[in-house]
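Letter by letter, the chains look like this.
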Amino acid sequence: SSLVYTINVANNGPCDASNVKVIDEFNENMVRLVHATLDGEDIEFNGQYIIDSIAKGSAHIISLSFEIIGNGTIENLARVNSVLFKRNQREIVIL
């Protein structure tokens, strides 16, 4: 069997975001990562991926395809953090 997770990484903040880290750790006894993409382009995903920047109001889609290799409950929680810069107002926000 297979399983696909889609992570929509949107910047709804007040300014552009840089070094956006997407973390999605998965149980390697339950699933095996088969393929990963960012906006349709192949990427290397080892439990995390860094998007260089996301403009204010923009979004990117990470798609993770898995093969199910174990039995049990599969739980998934993706986390995202970044540093937002608002240069002209000298504001730095760490999410």
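Keep in mind that this is a model prediction, so the values were computed, not measured.

Caption draft 1: Structural view of the overall build of the chain. Counting its regular elements, the chain contains zero helices and eight strands. For the chain, the N- to C-terminal ordering of α and β elements is β-β-β-β-β-β-β-β. When burial is assessed residue by residue, the chain has 32% of its 95 residues classed as buried. A separation threshold of at least 6 residues defines the contact pool for the chain, and within that pool the share at least 24 residues apart is 75%. Summing over all exposed atoms, the chain offers an accessible surface of approximately 6,400 Å²; the carbon and sulfur share of this is 45%.

Caption draft 2: Looking closely at the sheet that holds strand E4 (residues 41-42). One open sheet holds the four strands; their spatial order is E1-E6-E3-E4, and the pairing between them is antiparallel. Strand pairing shows two members of the sheet lacking a second neighbour, strand E1 (2-10) and E4, which therefore form its edges.

Caption draft 3: A look at the nonpolar core. Counting 18 residues, the largest nonpolar core has Val9, Ile51, Ile62 and Leu64 as its most contacted members. Listed by contribution, the elements that provide at least two residues to this core are E1, strand E2 (17-23), strand E3 (31-38), strand E5 (48-54) and strand E6 (59-68). If near-sequence neighbours (up to four positions away) are discounted, Ile51 is found in contact with Val9, Asn19, Val20, Val22, Leu38, His60 and Ile62.

Caption draft 4: Expanded view of the pairing of E3. Pairing of E3 with E6, which is carried by seven bridges, proceeds in the antiparallel orientation. Along E6, the bridge assignment pairs Arg32 with Glu67. Summarising the sheet, E3 and E4 pair through two bridges and their orientation is antiparallel. Paired with Leu38 across the strands is Glu41, a residue of E4. Hairpin connection of E3 to E4: two residues between the antiparallel strands, including Asp39 at a positive phi of 50°.

Caption draft 5: Quick look at the side chain of Thr37. For Thr37, the location among the structural elements is in strand E3. Overall, Thr37 belongs to the buried group, its relative accessible area being 10%. The contact partners of Thr37, leaving out residues within four places of it in the chain, are Asp42, Ile43, Ile61, Ile62 and Ser63.

Caption draft 6: Quick look at the pattern of salt bridges. One pass over the structure, following the stated rule, counts one salt bridge. The salt bridge involving Glu67 is made with Arg32; its shortest N-O contact spans 2.5 Å. Of this pair, Glu67 sits in strand E6 while Arg32 sits in strand E3, placing them 35 residues apart in sequence. You can call Arg32 partly exposed: its relative accessible area is 43%.

Analysis parameters
Residues numbered from 1 in each chain as written. Predicted model: local features only at pLDDT ≥ 70, side-chain atom pairs only at ≥ 80, totals over all residues. Heavy atoms only, no water. Helix = DSSP H or I, 4+ residues; strand = E, 2+ residues; numbered from the N terminus. Buried < 20%, exposed > 50% of the residue type's maximum accessible area, 1.4 Å probe, protein only. Contact = heavy atoms within 4.5 Å. Areas by Shrake-Rupley, 256 points an atom, 1.4 Å probe, with all protein chains shown as cover. Pairing = 2+ DSSP bridges. Core = buried A, V, L, I, M, F, W, Y, C linked by side-chain atoms within 4.5 Å. Salt bridge = Lys/Arg side-chain N within 4 Å of Asp/Glu carboxyl O.

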